[in-house]
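Coordinate inspection notes
Listed below are the residues making up each chain.
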Amino acid sequence: MKKLSIIAGLILAPLFSAQLVHQPVQSFRTEAYTSKKKAFVDQLIAKMTLDEKIGQLNLPSSGDFTTGQAQSSDIGKKIEQGLVGGLFNIKGVGKIRDVQKVAVEKSRLKIPMIFGMDVIHGYETTFPIPLGLSASWDMDLIQRSAQIAAQEASADGINWTFSPMVDVSREPRWGRVSEGSGEDPYLGSQIAKAMVYGYQGKDLSLKNTILACVKHFALYGAPEGGRDYNTVDMSHIRMFNEYFPPYKAAVDAGVGSVMASFNEVDGIPATGNKWLMDDVLRKQWGFNGFIVTDYTGINEMIQHGMGDLQQVSALAMNAGIDMDMVGEGFLTTLKKSISEGKVTEQQITTAARRILEAKYDLGLFDDPYRYTDEKRSKTEVFNKANREEARNIAAQSMVLLKNDKQILPLKASGTVAVIGPLANNNENMTGTWSVASRTKDAVSIMTGLKETVKGVNFIYAKGSNVFYDAKMEEKATMFGKVSNRDSRSKEALLKEAVETAKKADVVVLAMGETAELSGESSSRANIEIPQAQKDLLAELKKTGKPIVMVLFTGRPLVLNDENKQADAIVNAWFAGSEAGYAIADVLYGKVNPSGKLPMTFPRSVGQVPIYYNAKNTGRPLSDDKSDKCEFEKFRSNYIDECNTPLFPFGYGLSYTSFGYSDVQLSKTQLSGNDQLTASITLTNNGKYDGNEVVQLYIRDMVGSVTRPVKELKGFQKVFLKAGESKKVSFTITPEDLKFYNSELKYDWEAGEFDIMIGTNSHDVKHAKINWNK
């Protein structure tokens, strides 16, 4: 991918201060290093008792004991006995040093521990939620966000992150789409690599890198009904073609650990699925790191109906699981299972070896306290430079969904009414899974506008609560992400909002989801904006004032009413620590938005699952009728709804307009290992400099198995000054044509292909080729 270009006068300068990595971390491991590591771990394992080996497989949650409590706690006693391999959910250099001290000074073999945390989209400096980061379509920016997260986390004692989450999902009802990269395997694969490179860098033993953990293996993003933790069932051909690629990309990038998913695969929970963990992950893909369960993943197999704790623990060990998060099934049952011949000590030794090797790679045996430098913690966490980068990256993630009459960018004059339940709320700006974030220091829209835009009179009204139902609002505001619910009546709130709007030239309306209305265990059957906010928009529309809607969401939403009533819509996702500043930069033109949707936005929940790379039926609705939303009997369509989405995958507007020429091909007849160059001329036809994400799609017209109507195969982010044109070219090889057939053989087939280049998955220019073997 091309590095982000800088828009002169319109965009903040990115503050890159470290070299980006674009190759697997393993490539930096020499033979001598590997040999030395093996010898060290061999010697250590030879000294270990069976209990100590099993102890390395135990990963409890720390709770939140204070400095000085480590040794006296129950966990502290287990650490002293060599029964804990690592901890997570512990924050702070002082606490982590205390706990590590017990391990390396009190335990028999003095084996250091690994310390993990859900560093999902930043540490204290928080970036946009992963779905938002994905909307930047900028791999260097995404990698840089992970790099900063690693820098901050490692400075504060953490050396292992449970990220990236790479679950492909076409299911917006599922709240955890907020943590992933959307619906596409190709885009998801590029992001998976970028995140791994960002976290792990060139060398895990460097103090500013941390071990990555790709999750959730596998298929977690396709739960029935969109309900979290629910059953997943799909064919192997779909697994390999559509859902597995991002996991494999992370493995190919050198990810050090993998987390098992909660769902079942082929009727066997992933945590106990030997085909998944051993046959696919280790044997087919060559993964040689360690596999950890998700939170109580082993124990939960009991509820799946796989047996008691001893049985499911043995099932997990035989499947290839190395580390047990929280459940302690390994710690309490494996010795008995060995004596009964259900598992072997060699399996436990192998699992312990993998964890010890990761600790060796992190340099913990050389210096167990290398990540507990208080000077680093004070200077490298939540500092000015990191926050400035977070502001820039946040602005690049925003997607302009609508801009009637070019109302945006706003003019820096007059009076602006800033209205909505999320307009003056800093705690929700960081989004879900921001466990280390300083939410109270995040910047709200109101603060961001007032502090960065001069010459404008900003006035405020809340307008409505998030929900009419206080209990529903409580469910959506967990983990300190308060909504500051207003006790006034809805009539009083609406009256104040309308009066405020009447005093203004334009309304900036901040509405949508709260941070915890998406995320884990936040599945929604209704993915519309809550009625209280819909009513607020309807009342403001009656004032006749222009309305710029700033949308907060962790998922695709149904926005039919909002799209009709608002004059402009900026999807800000949850933009992180510097959200308010970044939103101000976009609204007032300091940044020209260039984000593109990584996930389709449906017209109604009844269309779900809806995604661009679907397959045709034998009775497809014609493109013409589909675009016009016309019903046709005995065709694959709805009586009461369009086939098309409200906003397609890859969609996003700009303050300027871009023109695409027809597709130009270097040749139309190819054979064997030929290369094809497909090009378009891109022209900036507007008044603003800007970035455009040019997207390449390919359709295999005839196959031995049915093929999608189009598949993303490349993209480039291209900067053009106003009036400028540039030729944009893609090189296509047979590698881009490969897929898994019915025998799960990965290859390409000769025939006709449709080459498509355009601004989103729907609006593309076409050209046909024939490619023979």
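Residues numbered from 1 in each chain as written. Predicted model: local features only at pLDDT ≥ 70, side-chain atom pairs only at ≥ 80, totals over all residues. Heavy atoms only, no water.

Selection rule: UniProt positions are given in the numbering used here, feature names are shortened, and annotations may be inferred rather than shown by experiment.
By the naming in an unreviewed UniProt entry, the protein is Periplasmic beta-glucosidase, taken from Elizabethkingia bruuniana. The Catalytic activity (unreviewed entry) field of the UniProt record for the protein holds the comment "Hydrolysis of terminal, non-reducing beta-D-glucosyl residues with release of beta-D-glucose." As its UniProt record puts it under Sequence similarities (unreviewed entry), the protein is described as follows: "Belongs to the glycosyl hydrolase 3 family."

Section: the UniProt feature "domain: Fibronectin type III-like" (unreviewed entry) in the protein
The line we're drawing: The helix count covers DSSP runs of H or I at least four residues long, the strand count covers runs of E at least two residues long, and both are numbered beginning at the N terminus.
Annotation from UniProt places "domain: Fibronectin type III-like" (unreviewed entry) at residues 692-761. Helix and strand shares over residues 692-761 are 0% and 56% respectively, and the end C-alpha atoms of the span are 14 Å apart.

Considerations on the domain arrangement of the protein
Our working definition: Boundaries of every domain are those given by an automatic assignment or by a domain database. Any two residues whose heavy atoms approach within 4.5 Å are treated as being in contact. The term buried area denotes the loss of accessible surface (1.4 Å probe radius) that occurs when two parts are joined, taken as the sum for both partners. When a carboxyl oxygen of Asp or Glu lies within 4 Å of a side-chain nitrogen of Lys or Arg, that pair is called a salt bridge. Polar contact is the term for a pair of N or O atoms within 3.5 Å; when the atoms are in protein, one must be able to donate a hydrogen and the other to accept it, and sequence-neighboring residues count only if both atoms are side-chain atoms.
Annotation of the protein at the domain level lists domain 1 (28-375), domain 2 (381-586) and domain 3 (655-772). In this structure, domain 1 and domain 3 have C-alpha centres spaced 37 Å apart. Taken together, the contacts link twelve residues of domain 1 with 13 residues of domain 3. Note on domain 1 versus domain 3: buried area summed over both sides is about 1100 Å², and carbon and sulfur give 70% of it. The interface formed by domain 1 and domain 3 contains zero salt bridges. Remark: the boundary between domain 1 and domain 3 carries three residue pairs in polar contact (both at pLDDT 80 or more). Mapped by element, the contributors of at least two residues to the side of domain 1 that touches domain 3 are α7 (185-200) and α8 (236-243).

Regarding the nonpolar core
Inside soluble globular proteins, nonpolar side chains tend to come together where they are buried. Which entries qualify depends on this criterion: By nonpolar core is meant a set of buried Ala, Val, Leu, Ile, Met, Phe, Trp, Tyr and Cys residues that side-chain atoms within 4.5 Å join together. The classification of residues rests on relative accessible area computed with a 1.4 Å probe and restricted to protein chains. Under 20% of the type maximum is buried, over 50% is exposed, and intermediate values are partly exposed.
Core analysis: the biggest nonpolar cluster contains 118 residues, and Trp160, Phe217 and Phe244 have the highest contact counts within it. In terms of residue count, the dominant contributor to this core is helix α6 (residues 139-155) (nine residues). Ignoring anything within four residues of it in the chain, the contact list for phenylalanine 244 reads Ala218, Leu219, Met239, Trp275, Leu276, Val280 and Trp285. Listed in part, the 80 residues of the second largest apolar core include Val399, Ala501, Phe552 and Ala568.

Brief notes about the pattern of salt bridges
This model, assessed by the stated rule, comprises 48 salt bridges. Lysine 53 is the partner of glutamate 345 in a salt bridge, and the nearest nitrogen-oxygen pair spans 3.3 Å. Here glutamate 345 is found in helix α14 (residues 345-361), whereas its partner lysine 53 is found in helix α2 (residues 50-56), with 292 residues between them in sequence. Residue classification places glutamate 345 among the partly exposed positions, given a relative accessible area of 35%. With a closest N to O distance of 3.2 Å, lysine 596 and glutamate 692 form a salt bridge. Residue lysine 596 is located in the loop between α22 (579-587) and α23 (623-627), and its partner glutamate 692 is located in strand β21 (residues 690-700); the two are separated by 96 residues in the primary sequence. Look at lysine 596 and you get buried, because its relative accessible area is 1%.

Focus: the sheet that holds strand β3 (residues 114-117)
Worth spelling out the cut-off: For two strands to pair, DSSP has to find at least two bridges joining them.
Read across the open sheet, the three strands follow the order β2-β3-β4; overall the sheet is parallel. Only two strands of the sheet have a single neighbouring strand rather than two, namely β2 (86-88) and β4 (160-161). Pairing between β3 and β4: two bridges, direction parallel. When the bridges of β4 are listed, methionine 117 appears paired with threonine 161.

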